[in-house]
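Descriptive structure summary
Now for the letters of each chain:
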Amino acid sequence: MKGKHRIGYRRPQSKGGRHDGFSLIEILIVLALIALLAGVVVTNFTGIFAGGQESTAKIFVDSAVDAPILKYRIDTGSFPTTAEGLTALLKPPGNKAAKWKGPYIDSLPDDPWGNPYKYRYPGSKNPDKYDLYSLGEDGTESADDIGNWE
Ligand SMILES: [Ca+2]
């Protein structure tokens, strides 16, 4: 039983040793395939995001500046006015410099069509808070605007 065991043990080991050489090449091939597939997946995701401009704008108006604006309000006592706009999150409006503890946001991105997001306080769509919206693809106030009220 011991002898049988030894033979049975040695043979797979030597075979396995030689097989490791092939395994390395196989692993490299598999890695190359994974890299290739990952490239395809990334390309597809880019495509999905490129087609999701409206979703991107919706996410921004619904949530991206919600917390910064709220914090601004807590510090200064009120939302930025329409005239002060979202830039009040980056630099203090003259009359609020003493209470202002920002910047409350790193930067203000343009919407996916290259236009600045619009801000209005008091809101006409949200009378109890502010309106934040993208002008949409046409770049003017119209039915395709994407706001924080739907
Ligand atoms: Ca529009």
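To keep things clear, this report deals only with the structure shown in the data block. A quick note: this is a predicted structure, and the numbers were derived from the prediction, not measured. (Residues numbered from 1 in each chain as written. Predicted model: local features only at pLDDT ≥ 70, side-chain atom pairs only at ≥ 80, totals over all residues.)

In terms of helices and strands, the protein carries three helices and three strands. Listing each helix as α and each strand as β along the protein from the N terminus yields α-α-α-β-β-β. Relative to its 150 residues, the protein shows a buried fraction of 19%. Contacts in the protein between residues at least 24 apart in sequence constitute 41% of all its contacts with a sequence separation of at least 6. (Helix = DSSP H or I, 4+ residues; strand = E, 2+ residues; numbered from the N terminus. Buried ≥ 20, exposed ≤ 12 C-beta atoms within 10 Å, placed from the backbone. Contact = placed C-beta atoms within 7 Å.)

A few words now on the sheet that holds strand E1 (residues 118-120). Read from one edge of the open sheet, three strands run E1-E2-E3, paired in antiparallel fashion. Every other strand in the sheet has two partners, leaving E1 and strand E3 (146-147) as the edge strands with one partner each. The pairing of E1 with strand E2 (residues 131-134) spans three bridges and is classified as antiparallel. Bridge pairing in E2 places Tyr119 opposite Leu132. (Pairing = 2+ DSSP bridges.)

Attention now goes to the nonpolar core. Val61, Leu86, Leu89, Tyr117, Tyr119 and Leu132 are the most contacted members of the largest nonpolar core, which has 16 residues in total. Broken down by secondary-structure element, the contributors of at least two residues to this core are helix H2 (53-64), helix H3 (66-76) and E2. (Core = buried A, V, L, I, M, F, W, Y, C linked by C-beta atoms within 7 Å.)

Moving on to the environment of Gly94. For Gly94, the location among the structural elements is in the loop between H3 and E1. In sequence terms Gly94 and Glu84 are 10 residues apart; their C-alpha atoms lie 9.6 Å from each other.

Take H3 next. Residues of H3 that are buried: Ile69, Tyr72 and Thr76. Looking straight down H3, one finds its buried side chains confined to an arc of 55 degrees; they lie on one side. Turned more than 90 degrees away from the buried face of H3 sit Ala67 and Ile74, all of them exposed. Within two residues after H3, Gly77 carries a phi angle of roughly 95 degrees, on the positive side. (Arc of directions from axis to C-beta.)

On to the pairing of E2, then. Neither face of E2 is exposed, since Asp131 and Tyr133 on one face and Leu132 and Ser134 on the opposite face are all buried. In terms of strand pairing, E2 meets E3 through two bridges, oriented antiparallel. The residue of E3 that forms the bridge with Tyr133 is Gly147.

Quick look at the environment of Asn148 now. Here Asn148 lies in the segment after E3. Note on Asn148: 22 C-beta atoms within 10 Å, which makes it buried. For the pair Asn148 and Val61, spaced 87 residues apart in sequence, the C-alpha separation works out to 5.3 Å. Every residue in contact with Asn148, bar those within four places of it in the chain, is listed here: Val61, Asp62, Asn126, Asp131, Leu132 and Tyr133.

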